[in-house]
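Listed below, chain by chain, are the residues.
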Amino acid sequence: MSEYDYRAIDDFIHSRVRLTIMSFLAAARSAEFTELKTELKVSDGNLSTHLKKLEDAKYITISKQFNGKKPLTLIAISESGDLAFQSYVEGLAHMIGLSKKD
Amino acid sequence: MEQTNADTSKETRSPETDLALIRAMMQAGRKRIGVDGILLVVWGVMLTLGFTAQYIVIMSQYPHMILEIWIPVYVVGFLLSYLVEKRNPRTPTENNLALKVYAMTWKASGISIAVYFFLSLLSDTFDPMIITILTTVCFGSSFFVISVITGLQKLKFVAAGWWLLTALFSIFNTIGPETLLILSAASIFLLLIPGYFLRRMLSVEA
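Residues numbered from 1 in each chain as written. Chains lettered and ligands numbered in written order. Predicted model: local features only at pLDDT ≥ 70, side-chain atom pairs only at ≥ 80, totals over all residues. Heavy atoms only, no water.

Let us now look at the overall build of chain A. Each helix and strand in chain A was counted, giving five helices and three strands. Reading the secondary structure of chain A in the N-to-C direction produces α-α-β-α-α-β-β-α. For chain A, with 102 residues in total, the buried portion stands at 52%. Considering only contacts within chain A whose residues lie at least 6 apart along the sequence, 53% involve residues at least 24 apart. For chain A, the exposed surface amounts to about 5300 Å²; the carbon and sulfur share of it is 55%. (Helix = DSSP H or I, 4+ residues; strand = E, 2+ residues; numbered from the N terminus. Buried < 20%, exposed > 50% of the residue type's maximum accessible area, 1.4 Å probe, protein only. Contact = heavy atoms within 4.5 Å. Areas by Shrake-Rupley, 256 points an atom, 1.4 Å probe, with all protein chains shown as cover.)

Glancing now at the pattern of salt bridges. Two side chains with opposite charge may pair up if their charged atoms get near one another. One pass over the structure, following the stated rule, counts three salt bridges over all chains. Two residues, Asp44(A) and Lys37(A), come together in a salt bridge whose shortest N-O distance is 2.9 Å. (Salt bridge = Lys/Arg side-chain N within 4 Å of Asp/Glu carboxyl O.)

Residues and elements named next belong to chain A. Axis separation between helix H3 (residues 33-40) and helix H4 (residues 44-56) bottoms out at 10 Å; the angle between their running directions is 110°. It follows that H3 is roughly perpendicular to H4 by the angle criterion. Residues Phe33, Leu36, Lys37 and Leu40 of H3 touch H4, and the partners they reach there are Asp44, Leu47, Ser48 and Leu51. (Axes fitted to C-alpha atoms, helices over the stretch in contact; angles between N-to-C directions. Parallel < 35°, antiparallel > 145°, perpendicular 65-115°, else oblique.)

Residues and elements named next belong to chain B. Taken as a whole and judged by the stated rule, the model has 16 aromatic pairs over all chains. Here Tyr74 and Phe78 contribute two aromatic rings whose centre-to-centre distance is 6.1 Å and whose plane-to-plane angle is 20°, an arrangement assigned as stacked. One end of the pair, Tyr74, and the other, Phe78, are both in helix H3 (residues 67-87), four residues apart, so they sit about a helical turn from each other. Here Tyr74 falls in the buried class, since its relative accessible area comes to 11%. Judged by relative accessible area, Phe78 falls into the partly exposed class, the value being 45%. A centroid spacing of 5.6 Å and a plane angle of 40° characterise the contact between Phe144 and Trp163, whose relative ring orientation is tilted. A residue pair is termed long-range when its members are at least 10 positions apart, and Phe144 in helix H5 (residues 128-150) and Trp163 in helix H6 (residues 155-172) qualify at 19 residues. For Phe144, a relative accessible area of 34% corresponds to the partly exposed category. (Phe/Tyr/Trp six-rings, centres within 6.5 Å; stacked < 30°, edge-to-face > 60°.)

This part is about the confidence of the model for chain B. Scored by pLDDT, chain B comes out at a mean of 81, with 81% of its residues at no less than 70. Below a pLDDT of 50 lies the segment residues 1-5 of chain B, which in the model reaches 16 contacts outside its immediate sequence neighbourhood of four places, other chains included. (pLDDT = per-residue confidence, 0-100.)

On to the confidence of the model for chain A. Low-confidence regions, as indicated by low pLDDT, have predicted coordinates that should not be scrutinised in detail. In the predicted model, chain A carries a mean pLDDT of 83, and the fraction of residues at 70 or more is 85%. Considering each helix and strand of chain A separately, the mean pLDDT is smallest for strand E1 (residues 30-32) of chain A, with a value of 83, and largest for H4(A), with 94.

Right, let's talk about the nonpolar core for a bit. Judged by nonpolar contacts, the single largest core of 39 residues is most densely connected at Trp70(B), Trp106(B), Phe143(B), Trp162(B) and Leu191(B). Among the elements that make up this core, the one with the highest residue count is helix H2 (residues 38-59) of chain B (nine residues). Residue contacts for Trp70(B): discarding those within four places in its chain leaves Leu47(B), Gly50(B), Phe51(B), Gln54(B) and Phe117(B). Ranked by size, the runner-up nonpolar core spans 35 residues in total, among them Val17(A), Ala26(A), Leu47(A) and Phe85(A). (Core = buried A, V, L, I, M, F, W, Y, C linked by side-chain atoms within 4.5 Å.)

Residues and elements named next belong to chain B. Looking at the secondary structure, you find Pro128 in helix H5. Residue class for Pro128 comes out partly exposed when judged on its relative accessible area of 36%. Remark: the alpha-carbon pair of Pro128 and Thr179, spanning 51 residues in sequence, is separated by 9.6 Å.

A few words on the environment of Lys52(A). Inspection of the secondary structure assignment puts Lys52(A) in helix H4. With ten residues separating them in the primary sequence, Lys52(A) and Ile62(A) have C-alpha atoms 8.9 Å apart.

Before going further, it helps to examine the environment of Ile175(B). All names here are of chain B. Locating Ile175 in the fold gives a position in the loop between H6 and helix H7 (177-203). Taking C-alpha positions, Ile175 is 6.2 Å from Met129, a pair spaced 46 residues apart along the chain. If near-sequence neighbours (up to four positions away) are discounted, Ile175 is found in contact with Pro128, Met129, Thr132 and Phe169.

Any two packed helices are characterised by how steeply their axes cross, that is the angle between the axes, and by the distance between the axes. All names here are of chain B. Where H2 meets H3, the axes come as close as 10 Å, and the angle between the chain directions of the two elements is 170°. By the criterion of interaxial angle, the relationship of H2 to H3 is roughly antiparallel. Across the interface between the two elements, Ile38, Leu39, Val42, Trp43, Met46, Leu47, Gly50, Phe51, Ala53, Gln54 and Val57 of H2 pack against Ile69, Trp70, Val73, Tyr74, Val76, Gly77, Phe78, Leu80, Ser81, Val84 and Glu85 of H3. Residue classes in the contact of H2 with H3 are distributed as 17 nonpolar, four polar and one charged. (Nonpolar A, V, L, I, M, F, W, Y, C, P; charged D, E, K, R; others polar.)

A few words now on unusual backbone geometry. Residue and element names in this part refer to chain A. Within the chain, Lys41 stands out as a residue other than glycine whose phi angle is a positive 55°. The residue Lys58 is not glycine, and still its phi comes out positive at about 65°. Structurally, Lys58 can be placed in the loop between H4 and strand E2 (60-67). Note on Lys58: relative accessible area 59%, which makes it exposed.

Below, the structure is given as structure tokens:
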């Protein structure tokens, strides 16, 4: 196993639910609240709490939109979120010796 | 997608299990958006071939062929698009505004250009300037929409590239054989290459 500074692990992303959210958004770029809830199989409250933490870290943006009369909550990954996620994945890969830098 | 319950924080975690989770969720994310760039690559290649073939025909002694070039381009393009969609089915568009908008935008662009092209040729009112402007406006708008729904800001530069061509063709108001070469190059640099990078970016294994 390669040496890796555990302090470099991003706590905002490290939570399993938040890691799942970030992984999904890193590929999908954006998703609706209900869609994320279905994918992650978590409750509304749980998802909201984790989304709030990611939003506070400026890793995602949350906006309210309308599809006709139906309100939608759209969650999108931000550029800083993208960078943080890439760095997190690189860190994990580094831990098990898969890093490109190795 | 494999069943992945994110709310299992108490289970044993390791970098390996985290990477497996990341990989599974990224695959789900890619399926969800469907913007994997492959269709842009397909149409980038087809349009480059079409514009280049038309340029060669116009500059050569061959009789002018338009339908003979563009019908195969459209047929092969739509056939390849169908095969790509069949091989990589997207998640249902229900409750997926982004995917609906993405699909609608490209379909609207493709259908508008195809309808004008074939109807104007059949009614003998074909104007190369109109289809050039229509194509660049539609492609620019489509990339702008993709940029907004995916959050990939760099795609706005691609949209700007198409709109810059719209402005240039409108200002100079002349369409000649060189226009075909410009559109051929645009199909490479503003369709095929962005599609390739989009695909590469979203295909990166976690």
